[in-house]
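# Results of the structural survey
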Amino acid sequence: MYFHPRDRFYYKTLSETADHILQIMSEYIGVNTLFITLNDRKDTFFVKVFNRKYELLKEGAAVPYSSALCRFAVEDEHASFVVSDLSDHPLTKDHSVTLGMNGNGCILAIPLTYPHGEVIGTICAFDNQPYQFSDSQVRMVELFAKLIAQTIFLDSLTIRDELTGLYNRNFVNAFLEHHMQEKDTKLAILYLDLNRFKFINDTYGHVTGDELLKLTGDRLKNFIGEQGIVCRMGGDEFLIIVPIVEDDLIQQQIEQVAFEIEQVISTPAFVEEQEFHLSASMGISLYPDHGTDMTSLFKSADTAMYRAKKLDICLAWYEENHGSEMTRRSIIESGLRKAIEREELIVYYQQQYDLKTEQLMGMEALLRWKHPTLGWIAPSEFIPVAEETGLIVPIGKWVLEEVCKRANQWMANGHDPVCFSVNISLKQISSTGFVETVEQMLRESGINPQHLMLEMTETIFMQDMERGMNVIQQLKSLGVQIAIDDFGTGYSSLGYLSQLPIDSLKIDRSFIKEIKHNQGHRAIVKAIITLAKELGIKVVAEGIEEKAQIEYLNEIGCQIGQGFYYHMPAPFEMVS
């Protein structure tokens, strides 16, 4: 964590402490100039300067590190560098600073050292005339050096992300606040979100996810270098600030940077010999065009980023008429919190049939939502919001309760027994007391557990096979059936099917849609069905829309299907 000159924008505690310390030093050391420097690998920055009589040094100035006298305190084994007469010391007598003062002058330079030994700067007493520094003066300044170094170290912790070592939101705020006070400042804000990173965390665990975040942070920092700054805003979101060089070439400059960032991120990453392919969605806003304060600037970039994600593109510029998209998402999130009590959620059902006899075998419960002002909202839009916010847990509990009640009603109405399927999310399964909740619903509704099927994706097993198996075994002990949903997508593997205590496998609709024309899809579906039959697992084909699909599925041994060919999803009253 070496010092960077731009860090000084946030060192508020340092500023107050340094002013006080230099004032005390001026009362005990009779030299003209006292100052504190911070060094990076190229320059020395005079962050605080006290001039007694006339100006020798200017606060905020920077000089090449190699030409600063104080560097000898940094290089000489991190020791105090005390020279009462610059013309008498071998390191300083021919130095350009000494020669510039006609061979006169003095310096007392004490290194500012972090607890782990890194030197980040100096505190100095300096004059253009010789001065005899006493031992007590040297000891006093050494104590002050420790205090200042500790102050900077503690300040630095507040502006750095603990995981990646990148700047954090605190620093971004201070950096932008500083630059917004400068005339003619123009900046580009690139807000970046890693795509499907939640899936990686859920599947491979947060330790692997953290390693990927650190690797991504290092790659971005090395790429951006001195052309901008890289910050981690939290989670899987990063922010990059790039100064605009030429007004006429803004779009060309920033899009080139964004394109190269995408190349950096998409380079295969390896964690414990596992290969990962990452991608990102980026939103861009400009200062001052899209905001003259930090809040509006961030919001504009964030809005553009969500637009890029929604359109499944790498990059989107902020456009004022798209600000309503974030407003819509906020409305959806707020509405979801009240949707159950307002009775806005509705469970639809889609029937499942034996492909040979066309006998009704089951029904899948599908959640629908009619918002009071937005109208019908697609599950593909509100379910991800429910997942992100954790609202999927109470909503999922309500759906399970509703389905169990309807299953009981179905039997009470004299219908033949069928299996009611409910989609269960990873967050539900991971929540405390999920198995107990299912047991309670079965008990209260009085239905036969065999008439309830819980559908889940394979991510529960990919994240933690042992834990996933344990949860499934507990559910199986209740008597319910278990199905793997959307099989064939994501990280599916035929190899682990034999290890799973499941009853059914649902082939994703994307394979069924192209089954007549895509030889690869036909081969995959046939392999899934063949292996499932060997393992005694029922296979359900989703998304059947044509008679020809049914004929082929019958030919290769698929037992059950559902889709628009049979029925559209409908409320319980219509299907019963």
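On to the nonpolar core. Ranked by size, the top nonpolar core spans 74 residues in total, and within it Val 438, Leu 452, Leu 454, Leu 475 and Leu 553 carry the most contacts. Tallying contributions element by element places helix 12 (residues 392-412) first for this core, with nine residues. Not counting residues up to four positions away in its chain, the partners in contact with Leu 475 are Phe 434, Val 435, Val 438, Leu 454, Val 480 and Ile 482. Counting residues in each nonpolar core, the second largest holds 31 residues, with Ala 188, Leu 192, Met 282 and Ile 284 among its members.

In this structure the tally under the stated criterion is 13 aromatic pairs. Seen in terms of ring centroids, Tyr 349 and Phe 420 are 6.0 Å apart; in terms of plane orientation they differ by 85°. Their pairing is edge-to-face. Taken together, the positions of Tyr 349 in strand 14 (residues 345-354) and Phe 420 in strand 17 (residues 419-423) put the pair 71 residues apart, joining distant regions of the chain. Assigned by exposure class, Tyr 349 and Phe 420 land together as buried. Judged by centre distance (6.2 Å) and plane angle (75°), the rings of Trp 410 and Phe 420 are edge-to-face. Linking Trp 410 in helix 12 with Phe 420 in strand 17, this pair joins segments that are 10 residues apart in sequence. As far as the burial class goes, Trp 410 and Phe 420 line up, both buried. In this structure, Arg 160 packs its charged tip against the face of Tyr 167, placed 4.2 Å from the ring centre. The ring of Phe 199 is capped by Arg 196, whose NZ or CZ atom sits 4.7 Å from the centre of that ring.

Going through the model one piece at a time under the given rule, you end up with 13 salt bridges. One salt bridge connects Lys 405 with Glu 401, and the closest N-O pair in it is separated by 3.9 Å. Here Lys 405 and its partner Glu 401 are both found in helix 12, four residues apart, which amounts to about one turn of the helix. A residue is classified by how much of its surface remains accessible, and Lys 405, at 49% relative accessible area, is partly exposed. Of the residues examined, Glu 401 reaches a relative accessible area of 28% and is grouped as partly exposed. One salt bridge in this structure joins Glu 455 and Lys 506, with 3.0 Å as the shortest N-O distance. Residue Glu 455 is found in strand 18 (residues 452-456), and its partner Lys 506 is found in strand 20 (residues 504-507); the two are separated by 51 residues along the sequence.

Rules and cut-offs
The residue numbers shown here count from 1 along each chain, following its written sequence. Owing to the predicted nature of the model, reporting of local features is limited to residues with pLDDT of at least 70; listing and counting of side-chain atom pairs is limited to 80 or more, with chain, interface and lining totals taken over all residues. As a rule here, side-chain values come from all non-hydrogen atoms in the structure, and water together with hydrogens is ignored. Residues belong to a common nonpolar core when they are buried Ala, Val, Leu, Ile, Met, Phe, Trp, Tyr or Cys residues joined through side-chain atoms within 4.5 Å. The classification of residues rests on relative accessible area computed with a 1.4 Å probe and restricted to protein chains. Under 20% of the type maximum is buried, over 50% is exposed, and intermediate values are partly exposed. Secondary structure follows DSSP: runs of H or I at least 4 residues long count as helices, runs of E at least 2 residues long count as strands, and numbering of each begins at the N terminus. In this description, contact between two residues means that some pair of their heavy atoms is separated by no more than 4.5 Å. Aromatic rings from Phe, Tyr and Trp, taking only the six-membered ring of Trp, are treated as a pair when their centres fall within 6.5 Å; an angle between ring planes under 30 degrees marks them as stacked, one over 60 as edge-to-face, and anything in between as tilted. Charge-over-ring placement is defined geometrically: NZ (Lys) or CZ (Arg) within 6 Å of the ring centre, and within 35 degrees of the ring normal. In the sections that follow, a salt bridge refers to a side-chain nitrogen of Lys or Arg positioned within 4 Å of a carboxyl oxygen of Asp or Glu.

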